[in-house]
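Chain residues, written in single-letter form:
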Amino acid sequence: MKAEELQQIKENIAEGHFPQWAVTDPEIYELEQEKIFGRTWLFLGHESELKEPGSFITRMMADDPILLQKSKNGEIKAFLNSCTHRGTRLCTEDYGNKKTHTCPYHGWSYNLDGELIGIVAGNKVYGEKMDKSEWGLRPVPRVESYQGMIFGSFDPNAMSLEEYLGEMKWYFDIMLGRSDGGMEVRGLPQRWVVKANWKMTSENFEADPYHVQTTHRSAVEMKLTPTDPLYASYGHQVVLSNGHGINVITSATGKSANKYQGMPESMWPMFEKNLNKEQLDVFSKVTNFVGGVFPNLSFLSSCSGSEGTRHNHLQFRVWRPIGPDKVEVWVWYMIDKALPEEYKEKSYKGFLATFGAAGTLEQDDTENLARIVEASQGRMARDRKLSYNNVANYLMGLDHIEPDEHFPGPGIAYPTCYTDHVARSMHQYWLELITKESGVKVGEY
Ligand code: FES
Ligand SMILES: [Fe+2]
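In this numbering scheme, every chain counts its residues from 1 along its sequence in written order. For this description, chains carry letters from A and ligands carry numbers from 1, given in the order in which they are written. Local features in this predicted model are restricted to residues of pLDDT 70 or higher, and side-chain atom pairs are both shown and tallied only at a pLDDT of 80 or more, whereas totals for entire chains, interfaces and linings draw on every residue.

- In the nomenclature of an unreviewed UniProt entry, the protein chain corresponds to Aromatic ring-hydroxylating dioxygenase subunit alpha from the organism Bacillus lumedeiriae.
- UniProt positions are given in the numbering used here, feature names are shortened, and annotations may be inferred rather than shown by experiment. Under the UniProt heading Sequence similarities (unreviewed entry), the note attached to the protein chain is "Belongs to the bacterial ring-hydroxylating dioxygenase alpha subunit family."

## Quick notes on the overall build of the protein chain
Working step 1: Runs of H or I in DSSP of at least four residues are treated as helices and runs of E of at least two as strands, each being numbered from the N terminus. Helices and strands together make up the secondary structure of the protein chain, namely 14 helices and 21 strands.
Working step 2: Every radius of gyration here is taken over C-alpha atoms, with the globule rule written as 2.2 Å times N^0.38, N being the number of residues. A globule of 445 residues ought to have a C-alpha radius of gyration of about 22 Å, and the protein chain, at 23 Å, matches this closely.
Working step 3: C-alpha atoms of the protein chain, sized along the principal axes, occupy 75 × 60 × 35 Å.
Working step 4: Counts of 20 or more other C-beta atoms within 10 Å of a residue's own C-beta define buried residues, counts of 12 or fewer define exposed ones, and intermediate counts define partly exposed ones; C-beta atoms are placed from the backbone. The buried share of the protein chain, reckoned over its 445 residues, is 42%.
Working step 5: Counting only contacts in the protein chain whose residues sit at least 6 apart along the sequence, the fraction spanning at least 24 positions is 64%. By definition, residues are in contact whenever their C-beta atoms, placed on the basis of the backbone, come within 7 Å of each other.

## Some words on the domain arrangement of the protein chain
Working step 1: Domains are outlined according to an automatic or database domain assignment. By the assigned domains, the protein chain splits into domain 1 (53-146) and domain 2 (166-434).
Working step 2: Centre-to-centre, using C-alpha coordinates, domain 1 lies 36 Å away from domain 2.
Working step 3: Contact residues are listed per partner, giving 5 residues for domain 1 and 4 residues for domain 2.
Working step 4: All residues other than Ala, Val, Leu, Ile, Met, Phe, Trp, Tyr, Cys, Pro, Asp, Glu, Lys and Arg, Gly among them, are scored as polar; the first ten of these are nonpolar and the last four charged. Partitioning the side of domain 1 that touches domain 2 into residue classes produces 4 nonpolar, no polar and 1 charged.

## Structural notes on the UniProt feature "domain: Rieske" (unreviewed entry) in the protein chain
Working step 1: According to UniProt, the feature "domain: Rieske" (unreviewed entry) maps to residues 42-152 in the numbering used here.
Working step 2: Overall, residues 42-152 shows 5% helix and 39% strand. The separation of its end C-alpha atoms is 5 Å.

## Concerning the nonpolar core
Working step 1: Ranked by size, the top nonpolar core spans 105 residues in total, and within it L44 and L68 carry the most contacts.
Working step 2: Counting contributing residues per domain, this core is built from domain 1 (53-146) and domain 2 (166-434), each supplying no fewer than three.
Working step 3: Setting aside residues up to four positions removed in sequence, L44 forms contacts with R59, M61, I66, L68, A78, I150, F151 and G152. In this usage, the nonpolar core is the set of buried Ala, Val, Leu, Ile, Met, Phe, Trp, Tyr and Cys residues whose C-beta atoms join them within 7 Å.

## Description of unusual backbone geometry
Working step 1: P295 follows F294 through a cis peptide bond whose omega is 5 degrees.
Working step 2: Turning to its location among the elements, P295 is positioned in the loop between β16 (288-293) and β17 (297-306).
Working step 3: For A121, which is not a glycine, the phi torsion comes out positive at approximately 65 degrees.
Working step 4: Although it is not a glycine, Q147 adopts a positive phi angle of roughly 50 degrees.
Working step 5: Along the chain, Q147 turns up in the loop between β10 (142-146) and β11 (149-153).
Working step 6: Taking the C-beta count within 10 Å as the criterion, Q147 has 15 such neighbours and is therefore assigned partly exposed.

## Structural notes on the sheet that holds β10
Working step 1: We call two strands paired when DSSP finds no fewer than two bridges between them. The 3 strands lie next to each other as β2-β11-β10, forming an open sheet whose pairing is antiparallel. For this open sheet the edge positions go to β2 (42-46) and β10, each flanked by a neighbour on one side alone. The sheet shows a mean angle of 30 degrees between the axes of neighbouring strands, taken without regard to direction. Every axis in this analysis is a line fitted to C-alpha atoms, fitted for helices over the stretch in contact. Angles between the N-to-C directions lie between 0 and 180 degrees.

## Observations regarding helix α11 (residues 341-354)
Working step 1: A helix's residues, less one, multiplied by 1.5 Å, set its expected span. With 14 residues, α11 extends 20 Å from end C-alpha to end C-alpha; this agrees with the ideal 20 Å at 1.5 Å per step.
Working step 2: Among the residues of α11, those classed as buried are S347, G350, F351 and T354. Angularly, the buried residues of α11 cover 100 degrees about the axis, an arc narrow enough to put them on a single face. Exposed residues pointing more than 90 degrees away from the buried face of α11 are listed as E341 and E342.
Working step 3: Taken from the residues just after α11, G356 is the one with a positive phi, measuring 90 degrees. An arc is given here, and it is the one of the directions from the helix axis to the C-beta atoms.

## Some remarks on the pairing of strand β5 (residues 76-80)
Working step 1: For strand β4 (residues 64-70) and β5, the ladder comprises 5 bridges, and the chain directions are antiparallel. Looking at β5, one finds that I66 is bridged to L80.
Working step 2: In this structure, the hairpin formed by β4 and β5 is closed by a connection of 5 residues, where G74 is found at a positive phi of approximately 85 degrees.

## Thoughts on the pairing of strand β3 (residues 55-61)
Working step 1: One ladder, built from 3 bridges, connects β3 with strand β6 (residues 95-97); its direction is antiparallel. Residue pairing for β6: I57 is matched across the bridge by Y95.
Working step 2: Pairing between β3 and β4: 6 bridges, direction antiparallel. By the bridge assignment, I57 is partnered in β4 with L68.
Working step 3: Where β3 folds back on β4, the antiparallel hairpin that results is connected by 2 residues, among which A62 adopts a positive phi of roughly 55 degrees.

In structure tokens:
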């Protein structure tokens, strides 16, 4: 990548533009893999997915298959899911419980700490010289959790997860730490592949309530959502550190029709015990939280309807890039452990009806995101000199919306969710990461 091209991107981002060629450019994709996915914190799963010693799940961190398991003393360990003999995938299942993992190729086996403990025909074929302790599974360099959310990083020198999440922790505490016992994942994460670029899918959740009224028009027509064209704009869009962001969506009155997102009153004393005054203020008024942790973890906490009732649910999703124009979507459904089983069941149905592979709202987004990729592949959109004014528009709220000093949560809060502040901050952080060591300096704008 030429320095002038990075410079051009920088100038465009500063003006609220994003060069269209850079969305799915293969060279940019390589830079992203190395400097973003190779260095930041990537979401792996939730602690409730690993219930007892021996529990394991298999996941992906960018292109690396990962085996996550709970050791004998309850520690969560993450390894490259690749046998140290010839490198085939060691564990081929999605989840389960085992004391040892035995490789399907030549039968080497590993314990819950990743140590190589068994070799077929052992010393007879390897002699005494080969030291088994040197051939254990290769650990992911950093694994840390916050509120049960497990993340990994390939970079041994990455800042701590808590520092990386920064101001987002305050909002995670509301969504994940409000009730006693925390959250639990129900079922397995759903996953499927879509034609889309990971930056666009992340932006769609973290930074773009503006699409809701048009893209999800059918939900309005089915009377699942209000007809007011501004309905997803009410509330605050909050720019957080390190490219993270959240939309705290309320209603025209600044309040929600259902306090605490319609959660049963029996849960309220718990919320009031576990959250502080400012968090309760935000939580009591919010209808939807929708946001993201840079680079590719998104979340939505909403009230979805099924069979005439509405129930809160929380979903987390990873947009795993598997090429410049392809994403593997992973979606986790989470719910408060302390809720009655009947509520959980109804909430899960509401989630399945709207999101997930068969959800009505899901498909609306996917169509548009696939078409961005399709429309960005021709001569005009690909032109690196921008001769055709081939830039995307991120001008919303650029110079006429001031932050709301009275918003009780951390971050820079703008008094509307129809603004591109979070998108521009994502672009700025993205650029900062991909230009590290490139000679292009990224300043404030
Ligand atoms: S590749 Fe695993 S034992 Fe040979
Ligand atoms: Fe959407």
